[in-house]
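Here is how the chains run, residue by residue.
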Amino acid sequence: QVQLVESGGGLVQAGGSLRLSCAVSGRTLSLYAMGWFLQAPGKEREFVAAITRSGGITYYADSVNSRFTISRDNARNTVTLQMNSPKPEDTAVYYCAAAAQRVDLRNQSEYGYWGQGTQVTVSS
């Protein structure tokens, strides 16, 4: 069983920066492709970014491309989402997720494990 715990959320000013972390326990991180998703109030959960098991390939939603960066440290069992120049529309609960297979990493149904989420609020 894999456990995921997000941290690093909070209040940030637009144009600032914030770093989210996802600590993975229970199994070796290198077994999983990882993704970040967000859910804004009253909206469906949507894809933000994903990274393959080795970290060699990353994927981003168009809305965050060039602003956010996903990375992983398999030795420390940690996945990070660096949020630069956040915008008020990035305000949401951010979830970390793990996928055992490298399939369509933009599709949340491919992920079998989820964290509880961390709130990010971007003020204008």
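One can find the structure itself at the top, above this paragraph.
Quick notes on the rules
- Residues numbered from 1 in each chain as written.
- Predicted model: local features only at pLDDT ≥ 70, side-chain atom pairs only at ≥ 80, totals over all residues.
- Heavy atoms only, no water.
- Helix = DSSP H or I, 4+ residues; strand = E, 2+ residues; numbered from the N terminus.
- Rg over C-alpha atoms; globule rule 2.2 N^0.38 Å.
- Buried < 20%, exposed > 50% of the residue type's maximum accessible area, 1.4 Å probe, protein only.
- Contact = heavy atoms within 4.5 Å.
- Salt bridge = Lys/Arg side-chain N within 4 Å of Asp/Glu carboxyl O.
- Phe/Tyr/Trp six-rings, centres within 6.5 Å; stacked < 30°, edge-to-face > 60°.
- Lys NZ or Arg CZ within 6 Å of the ring centre and 35° of its normal.
- 1 Å grid on protein atoms, 1.4 Å probe; cavity = no way out; pocket = protein on both sides within 12 Å on 5 of 7 lines; lining within 4 Å.
- Points joined across faces, edges and corners; volume = space filled by probe spheres on them.
- Nonpolar A, V, L, I, M, F, W, Y, C, P; charged D, E, K, R; others polar.
- Disulfide = S-S within 2.5 Å.

## Some details on the overall build of the chain
Here is step 1 of the chain: The secondary structure content of the chain amounts to 0 helices and 11 strands.
Here is step 2 of the chain: In sequence order, the chain lays out its α and β elements as β-β-β-β-β-β-β-β-β-β-β.
Here is step 3 of the chain: Computed over its C-alpha atoms, the radius of gyration of the chain comes to 13 Å, within 12% of the 14 Å expected for a compact globule of 124 residues.
Here is step 4 of the chain: Considering only C-alpha atoms, the chain reaches an extent of 40 × 25 × 25 Å along its principal axes.
Here is step 5 of the chain: Counting across all 124 residues of the chain, residues that qualify as buried make up 41%.
Here is step 6 of the chain: Pairs at least 24 residues apart make up 58% of the contacts formed inside the chain by residues separated by at least 6 positions.

## Brief notes about the pattern of salt bridges
Here is step 1 of the chain: For the structure shown, the criterion picks out 2 salt bridges.
Here is step 2 of the chain: Between Arg 67 and Asp 90 there is a salt bridge whose closest N-O contact spans 2.8 Å. Of this pair, Arg 67 sits in the loop between strand E6 (58-60) and strand E7 (68-73) while Asp 90 sits in the loop between strand E8 (78-84) and strand E9 (92-99); the two residues are 23 residues apart in sequence, bridging distant segments of the chain.
Here is step 3 of the chain: On the basis of relative accessibility, which here comes to 4%, the residue Asp 90 falls in the buried class.

## Quick word on the environment of Gly 10
Here is step 1 of the chain: Along the chain, Gly 10 falls in strand E2 (residues 10-13).
Here is step 2 of the chain: For the pair Gly 10 and Gln 119, spaced 109 residues apart in sequence, the C-alpha to C-alpha distance is 6.1 Å.
Here is step 3 of the chain: When neighbours within four sequence positions are excluded, Gly 10 is seen to be in contact with Leu 18, Gln 119, Val 120 and Thr 121.

## Thoughts on the packing of aromatic side chains
Here is step 1 of the chain: For the structure on display, the rule yields 6 aromatic pairs.
Here is step 2 of the chain: A ring pair is formed by Tyr 32 and Tyr 113, whose centres lie 5.9 Å apart and whose planes are at 85°; its orientation type is edge-to-face. Here Tyr 32 is found in the loop between strand E3 (17-25) and strand E4 (33-39), whereas its partner Tyr 113 is found in strand E10 (residues 113-114), with 81 residues between them in sequence.
Here is step 3 of the chain: Since its relative accessible area comes to 3%, Tyr 32 is described here as buried.
Here is step 4 of the chain: An angle of 80° between the planes, with centres 5.1 Å apart, marks the rings of Phe 37 and Tyr 111 as edge-to-face. Taken together, the residues span a long stretch of sequence, with Phe 37 in strand E4 and Tyr 111 in the loop between E9 and E10 at a distance of 74 residues.
Here is step 5 of the chain: Of the residues examined, Tyr 111 reaches a relative accessible area of 5% and is grouped as buried.
Here is step 6 of the chain: The lysine or arginine in question, Arg 45, covers the ring of Tyr 95, its NZ or CZ lying 5.2 Å from the ring centre.

## What to know about the layout of surface pockets
Here is step 1 of the chain: The calculated volume of the largest pocket comes to roughly 160 Å³.
Here is step 2 of the chain: Lining the largest pocket are Leu 38, Ala 40, Lys 43, Glu 46, Ser 63, Val 64, Arg 67, Lys 87, Glu 89 and Asp 90.
Here is step 3 of the chain: Here the lining of the largest pocket is composed, by residue class, of 3 nonpolar, 1 polar and 6 charged.

## Topic: the state of the cysteines
Here is step 1 of the chain: For the structure shown, the criterion picks out 1 disulfide.
Here is step 2 of the chain: Between the sulfur atoms of Cys 22 and its disulfide partner Cys 96 the distance amounts to 2.1 Å. Disulfide Cys 22-Cys 96: torsion about the S-S bond near -80°, hence left-handed. Linking Cys 22 in strand E3 with Cys 96 in strand E9, this pair joins segments that are 74 residues apart in sequence.
Here is step 3 of the chain: Judged by its relative accessible area of 0%, Cys 22 falls in the buried class.
Here is step 4 of the chain: A relative accessible area of 0% places Cys 96 in the buried class.

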